[in-house]
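Residues per chain, in single letters:
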Amino acid sequence: MPKRFFSFALAGLALLSLLPGRAEGVGTSAASAILMDVDSGRVLYEQNADAKMLIASTTKIMTALVAVRDGNLSDTVTVSREAAYTEGSSMYLKEGEELTLETLLYGLMLCSGNDAAVAVAEHVGGSVQGFVKRMNETARELGMDHSSFANPNGLDDEKHYSTARDMAVLACAALENETVLRIASTRSITIGGRTMTNHNKLLSMMDGCLGLKTGYTRAAGRTLVSCAERNGQRLAAVTLQDGNDWADHQSLFEYGFSAYPAQRPAILGRELGRAAVAGGMSDSVPLVAADSFSWPLAEGERLETSLELFRDLSAPVTAGTRAGQAVFTLNGQEVGRVDLLCGETVLPVVASAMGVLRGFR
C-alpha cells in the first residue's frame, strides 16, 4: 500500500480546521462528535470536538497500538493476580494462566477485557505505570495534545480523558497499523482456547466497517470510535456520551461518503505533466507521481494542482530522479504535495550520437 500522507494529516490539523466540513444534513445525539477523512485528515463534521471528556474503553485503541509497537505478539504472558481481579468488563482471565500477547489483544479489543488491558500493560511496559507512560508519550507523538491517560483500560479517573478530535487522530494512527486493524476488524475468533465475539455491532450492521472500539462507564456514558471504507476512501467517526451511537455513526458515514467523496489528483506512477530538458535527445521528460494523494471535496469545491521544479533540467536525465513537487491547493490554501520523479531517461545529444558512431565500428 502506498504511503497515504498520514504524517501530513497529523501535522496539518491546524490548517484543516480552516477548511471545515459543512454540517448540513447531519447531526448526532452526542455531547461531542467528529467525522474525519483518514487519508487527508480533513474534518468533515464536528460538534464540540475539543471538549475534554471521559473516553471509557475506547482507551484500548491506544493500549493496542502501544502493545503492538512495543511488544511481540508471540510472547507468552503470565496473568498476574492484579490483572485477573481487575474490575469491569472481562475476558475472564485466571491468575497464573499463560496466553500469548496476541490472544490478550483479541480479548482487549473484542471482549473489551479490562483484565486483558492490565495483563498487556504489565508485560509490555514492565508495569502498569510504565505502560501508561508509553501511552502518554505516544499521544504526544501523534499530536493528541488534549489527552491524558491514567490507565490502560479506560476506567474513570480525573487524569484520564481525551477529546473527539484527538481520538479521531488516534483512530487514523491505528488504521495505519496492519495488526491493530486486523484485530479490531475481527467479528469473532477462536484463539488460545477461547472463542471471542466483537462487541462492535457496526461490523455486522453496515458494509465496509473496519472496527475500532466501543466503550461505556456510568460517568462516561456510551463512547464509540469507528472507521469505515467505501470506494477506497476511509473515514473515522467518534462520538462521546452518545446514547444513540450505532445510528449516529451510520448517519455520519453516509453523510461523509456522499457529501465528501475523495478525489485523487495523484496516483503512484501516473504522469502529472512534463518538464523541458535542455541538450537532450528529447526536449522534455514526463513527470510521474512518487506517491498517491487523495482529498475529499464537497460539491462545488475544486482542487488546484501546480508543478514546482527544483531546477531546470539538462541531459543526461535518469529515470527516477527527483525533479520537483506537485502542490495541491483548495481555496488558495495548500493541502498537500507529492514528489515528482522523472519518468524516463533522456540522453544528451552528443552521447547519443557517439553511441551511434561506435555502432558502425
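Along each chain, residue indices are assigned from 1 in the same order as the chain's sequence is written. Local features are withheld for residues below a pLDDT of 70 in this predicted model, meaning they are given only at 70 or higher, and side-chain atom pairs are given and counted only at 80 or more; totals for whole chains, interfaces and linings count all residues. To obtain the side-chain values, all non-hydrogen atoms of the structure were used and water was disregarded.

1. Some points on the nonpolar core
Nonpolar side chains in soluble globular proteins tend to be buried together. In plain terms, the rule: To define a nonpolar core, start from buried Ala, Val, Leu, Ile, Met, Phe, Trp, Tyr and Cys residues and group those joined through side-chain atoms within 4.5 Å. With a 1.4 Å probe rolled over the protein chains alone, any residue whose accessible area is under 20% of its type maximum counts as buried; one over 50% counts as exposed, and the rest are partly exposed. Only DSSP runs of H or I reaching four residues or more are called helices, and only runs of E reaching two or more are called strands; each is numbered from the N terminus. By definition, residues are in contact when any of their heavy atoms lie within 4.5 Å.
Membership of the largest hydrophobic core comes to 66 residues, with the highest contact counts inside it found for Met 62, Leu 104 and Met 144. Among the elements that make up this core, the one with the highest residue count is helix 8 (residues 164–175) (10 residues). The contact partners of Met 62, leaving out residues within four places of it in the chain, are Met 135, Thr 138, Ala 139, Leu 142, Met 144, Phe 149 and Leu 170. Among the nonpolar cores identified, the runner-up in size contains 22 residues, and Ala 275, Leu 287, Ala 323 and Phe 328 belong to it.

2. Points about a nonpolar patch on the surface
Heads up, the condition is: The patches reported here contain residues having more than 30% relative accessible area and no salt bridge. Joining distances are 9 Å for like charges and 5 Å for nonpolar side chains (Val, Leu, Ile, Met, Phe, Trp, Tyr). Where accessible areas are quoted, they stem from the Shrake-Rupley method and a 1.4 Å probe; at the residue level, only the protein chains shown are allowed to cover. The term salt bridge refers to a side-chain nitrogen of Lys or Arg lying within 4 Å of a carboxyl oxygen of Asp or Glu.
On the surface, Met 281, Leu 347 and Val 349 cluster together to form a nonpolar patch covering roughly 280 Å² of accessible area. Here Leu 347 shows up in the loop between strand 17 (333–342) and helix 12 (349–359). You can call Leu 347 partly exposed: its relative accessible area is 45%.

3. What to know about the packing of aromatic side chains
Where we set the bar: Pairing of aromatic rings covers Phe, Tyr and the six-membered ring of Trp, with a centre-to-centre limit of 6.5 Å; geometry is then stacked below 30 degrees between planes, edge-to-face above 60, and tilted otherwise.
By the definition in use, this model includes four aromatic pairs. Measuring from ring centre to ring centre gives 6.4 Å for Phe 253 and Phe 257, while their planes differ by 25°; the resulting arrangement is stacked. One end of the pair is Phe 253 and the other is Phe 257, both in helix 11 (residues 245–259) and four residues apart, which spans about a single turn. Of the two residues, Phe 253 and Phe 257, neither departs from the other in class, the shared state being buried. Ring geometry for Tyr 255 against Tyr 260: centres 6.2 Å apart, planes inclined by 65°, an arrangement best described as edge-to-face. A relative accessible area of 8% means that Tyr 255 is categorised as buried. You can call Tyr 260 buried: its relative accessible area is 1%.

4. A short note on the sheet that holds strand 14 (residues 303–309)
The following threshold applies: Paired strands, in this sense, are two strands between which DSSP finds at least two bridges.
The six strands are arranged 14-16-17-12-11-15 in an open sheet whose pairing can be described as mixed. Edge strands, defined here as strands with exactly one partner in the open sheet, are strand 14 and strand 15 (313–314). The pairing of strand 12 (residues 284–289) with strand 17 spans three bridges and is classified as antiparallel. Note that in strand 17 the partner of Ala 289 across the bridge is Leu 340.

5. Here's the deal with the sheet that holds strand 7 (residues 209–217)
Applied cut-off: Here an angle of 0 to 180 degrees is reported between the N-to-C directions of two axes, which are lines fitted to C-alpha atoms, with helices fitted over the stretch in contact.
Taken together, five strands build an open sheet; the order of strands is 2-1-9-8-7 and the sheet is antiparallel. In the strand order of this sheet, the two ends are held by strand 2 (43–47) and strand 7, each with one partner. Across the sheet, the mean angle separating the axes of adjacent strands is 5° when strand polarity is ignored. Pairing analysis gives four bridges linking strand 1 (residues 32–37) to strand 2, with the strands arranged antiparallel. Residue pairing in the sheet places Met 36 in a bridge with Val 43 of strand 2. Docked against the sheet, helix 11 engages strand 1, strand 2, strand 7, strand 8 (221–230) and strand 9 (233–240), running at close to 30° with respect to strand 8.

6. Details of the state of the cysteines
Note the cut-off: For this text, the term disulfide refers to a pair of cysteine sulfurs within 2.5 Å.
For the coordinates displayed, the defined rule picks out zero disulfides. Of all cysteine sulfurs in the structure, the one in Cys 209 sits closest to Cys 111, which takes part in no disulfide; the separation is 17 Å. Not part of a disulfide, Cys 209 finds its nearest cysteine sulfur in Cys 227, a span of 7.9 Å. Assessed through its relative accessible area of 12%, Cys 209 is described here as buried.

7. Focus: helix 3 (residues 60–70)
Within helix 3, nine of the 11 residues are buried, which leaves the element mostly enclosed by the surrounding structure. Inspection of helix 3 places Lys 60, Ile 61, Met 62, Thr 63, Ala 64, Leu 65, Val 66, Ala 67 and Val 68 among the buried residues, and these make up the whole buried set.

8. Some details on the packing of helix 3 against helix 7 (residues 128–142)
In helix packing, the relevant descriptors are the interaxial angle and the interaxial distance, both defined with respect to the helix axes. The following threshold applies: Note on angle classes: values under 35 degrees are labelled roughly parallel, values over 145 roughly antiparallel, values of 65 to 115 roughly perpendicular, and the remainder oblique. For this scheme, ten residues count as nonpolar: Ala, Val, Leu, Ile, Met, Phe, Trp, Tyr, Cys and Pro. Four count as charged, namely Asp, Glu, Lys and Arg, and the remainder, Gly too, count as polar.
The interhelical angle for the contact between helix 3 and helix 7, taken along N-to-C directions, is 95°, at an axis separation of 10 Å. When the axis of helix 3 is compared with that of helix 7, the two are roughly perpendicular. Taken together, the residues of helix 7 that come into contact with helix 3 (itself represented by Met 62, Thr 63, Leu 65, Val 66, Ala 67, Arg 69 and Asp 70) are Phe 131, Arg 134, Met 135, Thr 138, Ala 139, Glu 141 and Leu 142. When grouped by side-chain class, the residues that make up the contact of helix 3 with helix 7 number eight nonpolar, two polar and four charged.

By themselves, these figures tell us nothing about what the structure is for.
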